[in-house]
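# Structure at a glance
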Amino acid sequence: PEEEEADGMLMEACVGVPRGGAGKWASAIRVLDLAARRTLSVIELAENEAAVSVAAVPLRERGGETFIVVGTVKDMTLHPRTLTCGYLHVYQFAEGNTQLNLVHKTQVEDVPAAIAPFGGRVLVGVGSGLRIYEMGAKKLLRKAELKGLPTMVQSLHVISSQRIVVGDLSESFHFVHYKRADNTLTVFADDIAPRWLTAACPLDAHSLAGADKFGNIFVCRLPREVSDDADDAALMAASAGRDDLALNGAPSKAEEVVQFHVGETVTSLQKVSLGPGCAEVILYTTLFGGIGALLPLTSREDVELLTALEMHVRQEAPPLCGREQLFFRSAYFPVKACVDGDYLTLFNSLPAAEQKTIADDLDRTPAEISKKLEELAARIL
């Protein structure tokens, strides 16, 4: 190494590895042992392929055996988005689940940006289309397809054997109904606002949490009457094959029941419980390394108390920069059904006289309000 430095060569340990130009990619598929923190096997993709999606899929044609399906693209440039072709690689576990063997690869014409298991078959978002594949001897066999989604399929969430939620890159969520008898996919509802999705997480059969690249977190919910009509054959028949619906979207619309502006691009959302005895929360991470949690409030008393407390803290502790907290949290959409817990913690730093004034207005003592804030924090961690 000293001789190489003496000859004027730059060391990778000091300056990093050289970067490829536009349209140059290198990807690897790695099997990891998380307990031992070591790599069991590595498959490096050749011919300028980039891996963009991966999923573990049980396939009914192979008796429910789980295969790894990897979506790749070849010679892709991001802006404008161009590519030679895409591939779906199917890998089989071998040697005690420590190695991957390539079974076959299937060529597709656009970016396979999302893959999900669907009833023993493979659900793939290829560009702006949604496809269902079955396992074949030499390649995956296309069995059903939905064309005409607005931009590009960004995420897939299988809610049931008949309902799929598709996250579009720039047009938020689309609710898709799969009719097994006819083997057709139909969009029956979508979101009311266009959003550049960066993360999504299903909450229940009718609700999803989503985040966009402008730093907003929202909850999108399908109304109960729309959920019941989704299985109505008349609605499916009326909306299937009608090109004029593309002008106004799907025949039904979802509601956005929660709106909150974080201020940083959210990179992931997950519904988790962070410990034994803790409540389930929506955990999010941001592009700048932030980690936050959204805690559902289960009693109306807590909602009324915290909403009133937030209003008083806005008046007694305005931000130093001068921009009102309400305006910041409503940067793109008016804040809705969400209380800013970070802002409420300023109550404990207020002078005692101001704490007592706020507490008297809320028919509480300052100690009771502080204890309530501590209890809510303890429900998270």
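Each remark here, short or long, concerns the structure printed above.
My aim in this report is to walk through the structure given alongside it, one point at a time. (Residues numbered from 1 in each chain as written. Predicted model: local features only at pLDDT ≥ 70, side-chain atom pairs only at ≥ 80, totals over all residues. Heavy atoms only, no water.)

Strand order in the open sheet formed by five strands is E11-E12-E13-E14-E18, and the pairing between neighbours is mixed. The sheet terminates laterally at strand E11 (153-158) and strand E18 (252-253), the two strands that pair on one side only. Direction of pairing for E11 relative to strand E12 (residues 163-168): antiparallel, over a ladder of five bridges. Each bridged residue has a counterpart across the sheet, and for leucine 156 the counterpart in E12 is valine 166. (Pairing = 2+ DSSP bridges. Helix = DSSP H or I, 4+ residues; strand = E, 2+ residues; numbered from the N terminus.)

Time to look at the pattern of salt bridges. Side-chain pairs of opposite charge can arise whenever the charged atoms involved come near each other. In total, this model carries 19 salt bridges according to the counting rule given. The shortest N-O distance in the salt bridge between aspartate 340 and arginine 329 comes to 2.8 Å. Placement of aspartate 340 in the loop between helix H7 (325-329) and helix H8 (341-344) and of arginine 329 in helix H7 is noted, with a sequence separation of eleven residues between them. Here aspartate 340 falls in the buried class, since its relative accessible area comes to 4%. Arginine 329 gets classed as buried once you look at its relative accessible area, which sits at 12%. (Salt bridge = Lys/Arg side-chain N within 4 Å of Asp/Glu carboxyl O. Buried < 20%, exposed > 50% of the residue type's maximum accessible area, 1.4 Å probe, protein only.)

So, about helix H10 (residues 366-380). At 3.6 residues per turn, the α-helix brings residues three or four places apart onto the same side. Under the 1.5 Å per step criterion, the end-to-end length of H10 is 22 Å for 15 residues, consistent within 8% with the ideal 21 Å. Listed as buried for H10 are Ile369, Ser370, Leu373, Leu376 and Ile380. One side of H10 holds all its buried residues, which, seen down the axis, span an arc of 120 degrees. Exposed side chains of H10 directed beyond 90 degrees from the buried face belong to Ala367, Lys371 and Glu374. (Expected span 1.5 Å × (residues − 1). Arc of directions from axis to C-beta.)

Note on placement: serine 207 falls in strand E16 (residues 207-212). For serine 207, the residues in contact, after removing those within four places along its chain, are Pro202, Val219, Cys220 and Arg221. (Contact = heavy atoms within 4.5 Å.)

Now for the sheet that holds strand E8 (residues 121-126). If you walk across this open sheet you meet the four strands as E7-E8-E9-E10, and the pairing is antiparallel. The sheet is open, and its two edges are formed by strand E7 (112-118) and strand E10 (140-146), each paired on a single side. Pairwise comparison of adjacent strand axes, ignoring direction, gives a mean angle of 25 degrees for this sheet. Bridging between E7 and E8 involves six bridges; their strand directions are antiparallel. The residue bridging alanine 114 from the neighbouring strand is glycine 125, located in E8. (Axes fitted to C-alpha atoms, helices over the stretch in contact; angles between N-to-C directions.)

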